[in-house]
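One letter stands for each residue in the lines below.
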Amino acid sequence: MNKVERINIIMRYINNRAHFTISEIMREFNISRSTAIRDIKEIEAMGMPLVAEVGRDGGYSVMNNSVLPTVRFTDNEIKALFIAFMATRNQQLPYLKSRHSLAEKLLGLISNNQQDDLVLLNQILLFEGTNPHNPDLLDLSDLPHPMLEKLIQILLMDSYLWVTVNEGKVIESYPIYLLHLYHEKSLWLIEGFDLEDEKRRIIPVDHLTHVEPYSSKKRASKKKILELLSKQEDVINLVLELGPKAITQFKKYHPLNVSISYTNPYQTTAILQTFVNVEHTEELTEMTNWLLFLGGDITVREVPEEVSEGLQERLRLYCP
């Protein structure tokens, strides 16, 4: 947490209390006495009316009928917010309607000069995935699955879910503990732990037909679930050394579950270690495509035979 975030949180903390002490601030936010005093002085300078009380049990109190000062954005903060909206407006994000109304409210809070700057930014900045002739155009493919917002609302209450999944000809229902909800390759995916089969599952949100909290009392604890998953960790079977060009390609795109470790202080070489499920045809094809995308600036230390054969076959097609 940086200083600005900490001060904003402290302001809200003390605004909800009739009285507080420096010691309470120190304990609540795990900061030193000198930092707490310095933060209180900055909050007073920002306009919050605090009254100091002397004595052994003294402290501070907020003057009656006081409210938090009006939130004001600097020019750079406004640009940062607006550019963040621009960069994500053609992605499959939830709450699109809320994001649009939020942008409109933001425009209503700023001056005419600041609005002119944002109009100019909107004209000159283009991001990947936008239509250069109409950047505000929202294609149907940009809209997330309608189940996504409902799923998020339930997750805020409970991570134990009962899901019904339609995978073509088969419809299944089972309980899961949700580990992550993530976006990859234009799809929203659930990474969950199947509470019946006790294994990890990846479920496309597009395949969900129903989701609700799992009300069973026989729930495995999060600690037990993580212990079971750690015992099921896949053995690494792909090890690569990456040079600077391959690292650049890696940063452009990489599967969510794949990471690299830099092997020098300048971050120009790295090692990649992961598991490839060669029994899963789609995963095998995706990995082959991605390794070709990384380019020739890699040194193979360990690779499954199936992946190696797939690469050689693909190279023969490209270089007969």
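Up top is the structure.
The notes below deal with the structure included here. (Residues numbered from 1 in each chain as written. Predicted model: local features only at pLDDT ≥ 70, side-chain atom pairs only at ≥ 80, totals over all residues. Heavy atoms only, no water.)

### Here's the deal with the overall build of the chain
For the chain, the helix and strand inventory stands at eleven helices and eleven strands. Its C-alpha atoms give the chain a radius of gyration of 26 Å, more than 25% over the compact-globule value 20 Å for 320 residues. With the C-alpha coordinates aligned to their principal axes, the bounding extent of the chain is approximately 80 × 55 × 45 Å. Burial statistics for the chain: of 320 residues in total, 34% are counted as buried. A separation threshold of at least 6 residues defines the contact pool for the chain, and within that pool the share at least 24 residues apart is 58%. For the chain, the computed accessible surface area is about 20,800 Å², with 52% contributed by carbon and sulfur atoms. Here the chain contributes 34 positive and 43 negative side-chain charges, whose respective centroids are spaced 7 Å apart. (Helix = DSSP H or I, 4+ residues; strand = E, 2+ residues; numbered from the N terminus. Rg over C-alpha atoms; globule rule 2.2 N^0.38 Å. Buried < 20%, exposed > 50% of the residue type's maximum accessible area, 1.4 Å probe, protein only. Contact = heavy atoms within 4.5 Å. Areas by Shrake-Rupley, 256 points an atom, 1.4 Å probe, with all protein chains shown as cover. Lys, Arg positive; Asp, Glu negative; His and termini not counted. Charge placed at Lys NZ, Arg CZ, Asp CG, Glu CD.)

### A few points about the side chain of Thr288
Summarising the element assignment, Thr288 is placed in helix H10 (residues 281-294). Aside from chain neighbours lying at most four places away, what touches Thr288 is Gly310, Leu311 and Arg314.

### Side note on the sheet that holds strand S5 (residues 187-194)
Strand order in this open sheet of five strands is S6-S5-S4-S3-S7, and the pairing throughout is antiparallel. Edge strands, defined here as strands with exactly one partner in the open sheet, are strand S6 (199-204) and strand S7 (208-213). The mean inter-strand angle of the sheet, taken between neighbouring strand axes irrespective of direction, is 40°. As judged from the eight bridges shared by strand S3 (residues 160-167) and strand S4 (residues 170-184), these two strands associate in the antiparallel manner. Note on S4: the bridge partner recorded for Val165 is Glu172. Where helix H7 (residues 147-155) meets the sheet, its contacts fall on S3, S4, S5 and S7, and the angle it forms with S7 comes to roughly 15°. Sheet contacts for helix H8 (residues 222-231): S3, S4, S5 and S6; angle to S4, the most-contacted strand, approximately 90°. (Pairing = 2+ DSSP bridges. Axes fitted to C-alpha atoms, helices over the stretch in contact; angles between N-to-C directions.)

### Here we look at the environment of Glu212
Mapped onto the fold, Glu212 is located in strand S7. In sequence terms Glu212 and Asp158 are 54 residues apart; their C-alpha atoms lie 9.3 Å from each other. Every residue in contact with Glu212, bar those within four places of it in the chain, is listed here: Ile154, Tyr160, Leu161 and Trp162. A polar contact is formed between the side chain of Glu212 and the side chain of His210, at a distance of 2.7 Å. (Polar contact = N/O pair within 3.5 Å; in protein donor to acceptor, adjacent residues only side chain to side chain.)

### Overview of the packing of helix H4 (residues 75-88) against helix H6 (residues 112-124)
Packing of H4 against H6 leaves a shortest axis separation of 11 Å and a crossing angle of 35°. In this structure, the crossing between H4 and H6 has a hand that is right-handed. Touching Asp75, Ile78, Lys79, Phe82, Ile83 and Met86 of H4 are Gln114, Asp117, Leu118, Leu121 and Asn122, all from H6. Residues belonging to the contact of H4 with H6 are distributed by class as follows: six nonpolar, two polar and three charged. (Left-handed = near helix turned anticlockwise from the far one by under 90°. Nonpolar A, V, L, I, M, F, W, Y, C, P; charged D, E, K, R; others polar.)

### A word on the sheet that holds strand S8 (residues 238-242)
What the four strands build is an open sheet, ordered S9-S10-S8-S11; its pairing is antiparallel. The sheet is open, and its two edges are formed by strand S9 (260-262) and strand S11 (298-302), each paired on a single side. In this sheet, neighbouring strand axes are inclined to one another by 20° on average, regardless of whether the strands run parallel or antiparallel.

### Notes on a negative patch on the surface
A grouping of Glu279, Glu305, Glu306, Glu309 and Glu313 is seen on the molecular surface, where their side chains present a negatively charged patch. In this structure, Glu279 sits in the loop between strand S10 (270-274) and H10. For Glu279, a relative accessible area of 69% corresponds to the exposed category. (Patch = residues over 30% accessible without salt bridge, like charges linked within 9 Å, V, L, I, M, F, W, Y side chains within 5 Å. Salt bridge = Lys/Arg side-chain N within 4 Å of Asp/Glu carboxyl O.)

### Observations concerning the packing of aromatic side chains
A full pass over the atoms with the stated rule returns five aromatic pairs. Ring plane angle 65° and centroid distance 4.8 Å describe the contact between Tyr160 and Tyr177, whose orientation is recorded as edge-to-face. Taken as a pair, Tyr160 in strand S3 and Tyr177 in strand S4 lie far apart in primary sequence, 17 residues in all. Comparing Tyr160 with Tyr177 shows no difference in burial state: the two are buried. The ring centre of Tyr174 lies 4.1 Å from the NZ or CZ of Arg201, which sits over that ring. (Phe/Tyr/Trp six-rings, centres within 6.5 Å; stacked < 30°, edge-to-face > 60°. Lys NZ or Arg CZ within 6 Å of the ring centre and 35° of its normal.)

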